[in-house]
Amino acid sequence: DYPEQTKKAVLISGPSGTGKTELAYVIAKELQLELLELNASDVRTAEAIERTLGNASRQRSLFYKGKLILVDDIDAISGVQDRGCIKAMVDVLERSEYPFIFTAMDAGVDFLDSLRKKCTLAKFEKLSIEEVFLLLKKACDEHSVTYSETMLRKLARYSHGDARAALNDLQSLLINGTLDMEGFEPRLYKEEMEEMLLTLFKGGSFT
């Protein structure tokens, strides 16, 4: 048995490409809900939040059983120009007739404190190489793509646990239904770039 949930929102945190946004799509589809999607970086003022979400969060859906409101990257709201945004978001949430899903890379930042208290918290972990590989393999099999498991495992390793990045790479490497990795350059991630720069500067030579 699970305790009854009384909160209207879920705040999902985790690395990029772990399925936070995709989960909202799946829930909306399974429950036949209209999905209203918004990226937090697109609403930089309290007025914009009220204008965009205020009425929509209370009006009935014309063609669906209800609504699910998705606000992606809520931790992207920061800085002087965004003061009042979180309070406005909490106000909209409290008046809303419908549930919210918020996503964030880091749900622990201080300015999200008031919103966090209104949400059920969930954390997604970085995907393993095997999990990304199985996702790529399923995508290839479903679309009759010719591939080798060695190539897919290499793509999975290069993705650093980001399923979205791996699928984008897979799509970009398809030629006439065949996976071709000739000339493929793996993406550099922040940690790798920092390590590379440290190695460069420790070397002490720029010639």
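Since the model is a prediction, treat every value here as computed from it, not as a measurement. (Residues numbered from 1 in each chain as written. Predicted model: local features only at pLDDT ≥ 70, side-chain atom pairs only at ≥ 80, totals over all residues. Heavy atoms only, no water.)

## Observations concerning the overall build of the protein chain
The line we're drawing: Strands are runs of DSSP state E lasting at least 2 residues, helices are runs of H or I lasting at least 4, and numbering of each runs from the N terminus. Burial classification: accessible surface area is computed with a 1.4 Å probe over protein chains only, and a residue below 20% of its type maximum counts as buried, one above 50% as exposed, and the rest as partly exposed. Two residues form a contact once any of their heavy atoms are found within 4.5 Å. Only the protein chains shown count as covering a residue, and every accessible area follows the Shrake-Rupley method with a 1.4 Å probe.
Along its length, the protein chain carries 8 helices and 7 strands. Looking at the protein chain as a whole, 36% of its 207 residues qualify as buried. Sequence-distant contacts, at least 24 apart, represent 77% of the contacts inside the protein chain between residues at least 6 apart. As presented, the protein chain carries roughly 13,100 Å² of accessible surface, and 53% of it is formed by carbon and sulfur atoms.

## Thoughts on the packing of helix H2 (residues 46-54) against helix H3 (residues 85-95)
Spelled out, the test is: Geometry is summarised by axes, namely lines fitted to C-alpha atoms with helices restricted to the contacting stretch, and by angles between N-to-C directions that run from 0 to 180 degrees. Small angles under 35 degrees read as roughly parallel and large ones over 145 as roughly antiparallel, with 65 to 115 read as roughly perpendicular and the rest as oblique. Take the far helix as your reference; a near helix turned counterclockwise from it by less than a right angle gives a left-handed crossing, and one turned clockwise gives a right-handed crossing.
Contact geometry of H2 with H3 gives a least axis separation of 8 Å together with a crossing angle of 25°. The angle between H2 and H3 places the two elements in the roughly parallel class. Here the hand of the crossing between H2 and H3 comes out right-handed. Seen from H2, the contacting residues are Ala46, Ile49, Glu50, Leu53 and Gly54; seen from H3, they are Cys85, Ala88, Met89, Val92 and Arg95.

## Comments concerning the environment of Arg164
Residue position: Arg164 is located in helix H7 (residues 163-172). Residue classification places Arg164 among the partly exposed positions, given a relative accessible area of 45%. Sequence separation between Arg164 and Ser16 is 148 residues; the distance between their C-alpha atoms is 7.9 Å.

## Some details on the packing of helix H5 (residues 129-142) against H7
Note the following rule: Classification used: nonpolar for Ala, Val, Leu, Ile, Met, Phe, Trp, Tyr, Cys and Pro, charged for Asp, Glu, Lys and Arg, polar for all others including Gly.
Following both chains from N to C, one finds H5 and H7 inclined at 40°, their axes separated by 10 Å at the closest point. Relative to H7, the element H5 is oriented oblique. The two elements H5 and H7 cross, and the hand of that crossing is right-handed. Only Ala163, Ala166, Leu167 and Leu170 of H7 make contact with H5, whose side of the interface consists of Val132, Leu135, Leu136, Ala139 and Cys140. When grouped by side-chain class, the residues that make up the contact of H5 with H7 number 9 nonpolar, no polar and no charged.

## Thoughts on the side chain of Thr21
Relative to the elements of secondary structure, Thr21 occurs in helix H1 (residues 20-30). Filtering out sequence-adjacent residues up to four positions away, Thr21 remains in contact with Glu37, Leu70, Asp72 and Thr103.

## Re the packing of aromatic side chains
As a reminder, the rule being used: Here a pair means two rings of Phe, Tyr or Trp (six-membered ring of Trp) with centres within 6.5 Å. Their orientation is stacked below 30 degrees between planes, edge-to-face above 60, and tilted elsewhere. Geometrically, a lysine NZ or arginine CZ counts as sitting over a ring once it is within 6 Å of the ring centre and also within 35 degrees of the ring normal.
Overall, the coordinates contain 1 aromatic pair when judged by the stated rule. Over the ring of Phe133 we find Arg153; its NZ or CZ atom is 3.8 Å from the centre of that ring. When the ring centre of Tyr158 is taken as origin, the NZ or CZ atom of Arg157, which lies over that ring, is 5.8 Å away.

## Side note on the pattern of salt bridges
A side chain of one charge can pair with a side chain of the opposite charge when the charged atoms of the two come close. As a reminder, the rule being used: Basic side-chain nitrogens of Lys or Arg form a salt bridge, by our definition, when they fall within 4 Å of a carboxyl oxygen of Asp or Glu.
Across all of its chains, the model carries 7 salt bridges by this definition. A salt bridge links Glu50 to Arg95; the nearest nitrogen and oxygen atoms lie 2.8 Å apart. Residue Glu50 is located in helix H2, and its partner Arg95 is located in helix H3; the two are separated by 45 residues in the primary sequence. Since its relative accessible area comes to 32%, Glu50 is described here as partly exposed. Of the charged contacts in the structure, one is a salt bridge between Arg116 and Asp113, with a shortest N-O distance of 3.2 Å. You can see Arg116 and its partner Asp113 sitting in helix H4 (residues 113-116), 3 residues apart, about one turn around the helix. Judged by relative accessible area, Arg116 falls into the buried class, the value being 18%. Linked through salt bridges whose partners overlap, the residues forming this network are Asp113, Arg116 and Lys117.

## A word on the confidence of the model for the protein chain
Here is the rule: The predictor attaches a confidence to each residue, called pLDDT, with possible values from 0 through 100.
Mean pLDDT for the protein chain: 84, with 83% of residues reaching 70 or above. In this model, residues 189-193 is a region of pLDDT below 50 whose contacts with residues beyond four sequence positions or in other chains number 8 contacts.

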